[in-house]
Amino acid sequence: MTRLTGRALRVTVFVGEHDTWHHKPLYSEIVHRAHAAGLAGASVFRGVEGFGASALIHTSRLLSLSEDLPVAVVIVDDEERVRAFLPQLDELVTEGLVTLDDCEVIRYTDRKDEQGKPGAKGKKSL
């Protein structure tokens, strides 16, 4: 494995799991747009409990009537790429919270070059 490090910017988008964009889950649209924009990575995390601007508590507990659980979409890349992606989030996220954090990345990759051949060295960091 190759260990790469570098400074990066993490954007976290907090929305509800039932939020949609053109009849598609909003979190999925964000991930697909991040992928299309060539960002380094994006992950979606489903919360078990939380509340936001509405002040309603959403929980996964069995006796609760709420099923609109909180979802966090986390995207990490270099600052320039993340900031270039922010206008798309402005378009997509009408209700929610978007945060930006500086971070340091330690990334592990296999030793394949871009054609998938083993043994490549010197991959660039973020």
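The structure under discussion appears in the preceding block.
Because the structure is a prediction, the values reported are computed rather than measured.

Thresholds applied
Residues numbered from 1 in each chain as written. Predicted model: local features only at pLDDT ≥ 70, side-chain atom pairs only at ≥ 80, totals over all residues. Heavy atoms only, no water. Helix = DSSP H or I, 4+ residues; strand = E, 2+ residues; numbered from the N terminus. Buried < 20%, exposed > 50% of the residue type's maximum accessible area, 1.4 Å probe, protein only. Contact = heavy atoms within 4.5 Å. Areas by Shrake-Rupley, 256 points an atom, 1.4 Å probe, with all protein chains shown as cover.

K.L.:
What exactly am I supposed to notice about the overall build of the protein chain here?
P.N.:
If you tally the helices and strands in the protein chain, you get 2 helices and 8 strands. Overall, the protein chain shows an N-to-C arrangement of helices and strands of β-β-β-α-β-β-β-β-α-β. Relative to its full complement of 126 residues, the protein chain shows a buried share of 32%. Partitioning the intrachain contacts of the protein chain with sequence separation of at least 6 by distance along the chain shows that 72% fall at a separation of at least 24. When the accessible surface of the protein chain is summed, it comes to about 8,700 Å², and 53% of that surface belongs to carbon and sulfur atoms.

K.L.:
Before we go on, may I ask you to explain unusual backbone geometry in this structure?
P.N.:
Of all residues except glycine, most have a negative phi; of all peptide bonds, most are trans. Even without a glycine there, the phi angle at histidine 22 is positive, about 50 degrees. The phi dihedral of histidine 23 is positive, around 65 degrees, even though this residue is not glycine. On the basis of relative accessible area, histidine 23 is assigned to the exposed category, the value being 83%.

K.L.:
Is there a simple way to explain helix α1 (residues 26-36) in this structure?
P.N.:
Spacing of three or four residues puts side chains on the same side of an α-helix, whose turn is 3.6 residues. Where α1 is concerned, the buried positions are Leu26, Ser28, Glu29, Ile30, Arg33 and Ala34. A positive backbone phi angle near 80 degrees is found at glycine 38, which sits one or two residues after α1.

K.L.:
Where do I start with the environment of glycine 38 in this structure?
P.N.:
Tracing the backbone shows glycine 38 in the loop between α1 and β4 (41-46). For the pair glycine 38 and aspartate 77, spaced 39 residues apart in sequence, the C-alpha separation works out to 9.5 Å. For glycine 38, the residues in contact, after removing those within four places along its chain, are Asp77 and Arg81.

All we've got here are geometric facts, nothing functional implied.
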